[in-house]
Amino acid sequence: MTMPSERTRSVIQTREFLIELSRNTDFPETIRRQAKQLLRHYPSQIEMLDAGQLEEHLTDGTIFQPIFSSAIEGL
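Given the structure is predicted, the values throughout are model-derived calculations rather than measurements. (Residues numbered from 1 in each chain as written. Predicted model: local features only at pLDDT ≥ 70, side-chain atom pairs only at ≥ 80, totals over all residues. Heavy atoms only, no water.)

(A) Focus on the side chain of Ser-22. Residue position: Ser-22 is located in helix H1 (residues 4–23). A polar atom in the side chain of Ser-22 sits 2.8 Å from the backbone oxygen of Ile-19. Ignoring anything within four residues of it in the chain, the contact list for Ser-22 reads Arg-32, Ala-35, Lys-36 and Leu-39. (Helix = DSSP H or I, 4+ residues; strand = E, 2+ residues; numbered from the N terminus. Polar contact = N/O pair within 3.5 Å; in protein donor to acceptor, adjacent residues only side chain to side chain. Contact = heavy atoms within 4.5 Å.)

Pasting the structure below:
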């Protein structure tokens, strides 16, 4: 089972990968362009951590668990 911190870290690392992909001239322009288009609406690290904090607050004291986390390890 994926933990909220693992899921959050994965989304943040995917953004970093897309940034690297969009800047790497070894790839065709179509690939770099697609990476840039995906990044236009992709959440930043601070947005992910803020979403995690909100979810933790909203699920506190309920039977529900947050999807994302406000803290990540190993990043």
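Past the structure itself, the notes keep going.
(B) Representation of the nonpolar core. Formed by Val-11, Ile-12, Met-48, Leu-49 and Phe-68, the largest nonpolar core amounts to five residues. Residue assignment for this core shows that the elements contributing at least two residues are H1 and helix H3 (45–59). (Core = buried A, V, L, I, M, F, W, Y, C linked by side-chain atoms within 4.5 Å. Buried < 20%, exposed > 50% of the residue type's maximum accessible area, 1.4 Å probe, protein only.)

(C) Molecular detail of the pattern of salt bridges. Using the criterion set out here, one finds one salt bridge in the structure. Among the ionic pairs, Glu-29 bridges to Arg-32, the shortest N-O distance being 2.4 Å. One end of the pair is Glu-29 and the other is Arg-32, both in helix H2 (residues 29–39) and three residues apart, which spans about a single turn. According to the relative accessible area criterion, Glu-29 is partly exposed, its value standing at 36%. (Salt bridge = Lys/Arg side-chain N within 4 Å of Asp/Glu carboxyl O.)

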